[in-house]
There are 2 protein chains.
Amino acid sequence: MSRLYIVGFGAGNYEGMTIAAERAISESSLIVGYTVYAELMKKYFPEKRYEVTAMTKERDRVILALERAQNETVSLICSGDSGIYGMAGLALELAENYPEVDIEIVPGVTAAVSGAAVLGAPLTHDFAVISLSDLLTPWEKIEKRLMLAAEADFTVVLYNPSSKNRADYLARACDIMLRHKSPVTVCGYVKNIGRDGEESHILTLSELRDTPVDMFTTVFVGNSETKAIGGRMVTPRGYRNV
Amino acid sequence: MSRLYIVGFGAGNYEGMTIAAERAISESSLIVGYTVYAELMKKYFPEKRYEVTAMTKERDRVILALERAQNETVSLICSGDSGIYGMAGLALELAENYPEVDIEIVPGVTAAVSGAAVLGAPLTHDFAVISLSDLLTPWEKIEKRLMLAAEADFTVVLYNPSSKNRADYLARACDIMLRHKSPVTVCGYVKNIGRDGEESHILTLSELRDTPVDMFTTVFVGNSETKAIGGRMVTPRGYRNV
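Residues numbered from 1 in each chain as written. Chains lettered and ligands numbered in written order. Predicted model: local features only at pLDDT ≥ 70, side-chain atom pairs only at ≥ 80, totals over all residues. Heavy atoms only, no water.

Draft legend 1. Examining the sheet that holds strand S2 (residues 30-34) of chain A more closely. Residue and element names in this part refer to chain A. On the basis of which strands lie adjacent, the open sheet formed by five strands has the order S3-S2-S4-S1-S5 and parallel pairing. Every interior strand has two partners, whereas the edge strands, strand S3 (49-53) and strand S5 (101-106), have only one. Each neighbouring strand pair of the sheet contributes to a mean axis angle of 20°, computed without reference to strand direction. Here six bridges tie strand S1 (residues 2-8) to S5, and the two strands are oriented parallel to one another. If you follow Ser 2 over to S5, its bridge partner there is Val 101. Most of the contacts of helix H2 (residues 35-44) go to S3, to which it runs at about 160°, and overall it touches S2, S3 and strand S4 (74-78). (Pairing = 2+ DSSP bridges. Helix = DSSP H or I, 4+ residues; strand = E, 2+ residues; numbered from the N terminus. Axes fitted to C-alpha atoms, helices over the stretch in contact; angles between N-to-C directions. Contact = heavy atoms within 4.5 Å.)

Next comes the structure, spelled out in structure tokens:
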């Protein structure tokens, strides 16, 4: 039986990896991943072999990892978690053609969790995670989720809030949430979590609407109880003061 | 300046901790936590001093940690992440009275993420996390969130699905979601994630409705695209086949 680890390595700093992720990569002779993430891991595991594919080539990347795992131990690396918008699902789908490859999914700290820790504690209560990328999801579906998540008073975490071709998507998402959330809702965003150039900001939902962010940014929109305390974004545990 | 780490240690196995969490606890002379979690950490850090409080005494626990952190380095430990239904928020609120204590929040792998990896890849697309505990949240608010999350076709992760006094809450939650989700929606649950006695099951939403679970269980209700593949719960990345 050969082994393929699908590894979520967290935000990208060495300390943000789990001990299991560190061990899985150490055990592997080959690391397969998107170019930028392979560069991050080369700093910590310079002695490994790497094979990289371009950002949108997830299917090719997974097939490459499965092929190689027939002959050696391979880690297919994902930033954050290996499941949340990651490649674990695709690997399990495609693995049906590689019955001799044993797949182990190694979870990691996703950007909702690592970004929350940078901002304070915005996710102490119920929340929803929504990607604004409409590459694989119709925009109408994303809009419906934003609307209902706002109506449900979830704290909302937005992944992929922007890209070259979607410069106005965050503004559109904020406009939809503003139908149910107050313009003074406490929000925050974190850029380059755990990496060089990390920065975070706390602002209101109406300010967020007019703030340009890039694709390396994770956005947090508070619930009706979220507060700014000492420069941190904090959602209380519940609605009764205990 | 003295230091208080609010540490999420993941599911409870040593490998599930981040390297940062391992270092924070190693650096601390005192570990403060709920009795059961302190017992888990004693296995890995037997040389530390521990002070424990009962499960519902979060406020006392945080104040104890802040008091002690005035004189030594302290880790306040939480299972999973330190923010998600954790104590980071309460610590930031109460820290206003302890300006000389420097607080560092160390994120961890929350049960939604570690449980998902056990089941397969149920969180490849947008999802919502909802606690069924009505200790601090009115049940009507929980019901509304369940209903809207189901209508939005989120994969839904349920924390605290049951307790002695809330034996029928999971059934009630399923009934609400069944108004918008099909009875054959693929669901899963994981008990004792990463600990002795870990077990996982995949079943339909209508079967889940009639399944008793305990408070150490995390429940996953798929979206309309979630499938069972080779005994694993897998949500595709999007709605177009790419």
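Draft legend 2. Up close: the nonpolar core. Residues Leu208(A) and Leu208(B) are the most contacted members of the largest nonpolar core, which totals 54 residues. Counting 38 residues, the second largest nonpolar core, distinct from the first, contains Tyr34(A), Phe45(A), Ala20(B) and Ala24(B). (Core = buried A, V, L, I, M, F, W, Y, C linked by side-chain atoms within 4.5 Å. Buried < 20%, exposed > 50% of the residue type's maximum accessible area, 1.4 Å probe, protein only.)

Draft legend 3. Quick look at the sheet that holds strand S2 (residues 30-34) of chain B. All names here are of chain B. Ordered in space as S3-S2-S4-S1-S5, the five strands form an open sheet in which the pairing is parallel. A single partner strand is all that each edge strand has here, and the edge strands are strand S3 (49-53) and strand S5 (101-106). Direction aside, neighbouring strands of the sheet carry axes that sit 20° apart on average. Bridging between S2 and strand S4 (residues 74-78) involves three bridges; their strand directions are parallel. Each residue of the ladder has a partner; that of Val 32, found in S4, is Leu 76. Seen against the sheet, helix H1 (residues 19-27) touches strand S1 (2-8), S2, S4 and S5 and runs at an angle of roughly 140° to S1.

Draft legend 4. Highlighting the interface of chain A and chain B. Between chain A and chain B, the contact holds 69 residues from the first and 69 residues from the second. With both chains or domains summed, chain A and chain B bury close to 6100 Å², and 61% of this area falls on carbon and sulfur atoms. Between chain A and chain B we count twelve salt bridges in total. A salt bridge links Glu58(B) to Arg237(A); its shortest N-O distance comes to 3.3 Å. The greatest single-element share of the side of chain A that touches chain B, amounting to six residues, is contributed by helix H6 (residues 139-151) of chain A. Looking at the side of chain A that touches chain B, its residues break down into 33 nonpolar, 17 polar and 19 charged. Across three bridges, strand S7 (residues 127-131) of chain A lies against strand S7 (residues 127-131) of chain B in antiparallel orientation. Bridge assignment links Val129(A) to a residue of S7(B), and that residue is Phe127(B). (Buried area = accessible area lost by both parts, 1.4 Å probe. Salt bridge = Lys/Arg side-chain N within 4 Å of Asp/Glu carboxyl O. Nonpolar A, V, L, I, M, F, W, Y, C, P; charged D, E, K, R; others polar.)

Draft legend 5. Main features of the packing of H6(A) against helix H7 (residues 169-177) of chain A. Residues and elements named next belong to chain A. One can describe the packing of H6 onto H7 by two numbers: an axis separation of 8 Å at closest approach and a directional angle of 45°. Relative to H7, the element H6 lies oblique. When the axes of H6 and H7 are compared, the crossing they make is right-handed. Counting all contacts with H6, which are made through Trp 139, Glu 143, Leu 146, Met 147 and Ala 150, the residues of H7 involved are Tyr 169, Arg 172, Ala 173, Ile 176 and Met 177. Its residues assigned to classes, the contact of H6 with H7 comprises eight nonpolar, no polar and two charged. (Parallel < 35°, antiparallel > 145°, perpendicular 65-115°, else oblique. Left-handed = near helix turned anticlockwise from the far one by under 90°.)

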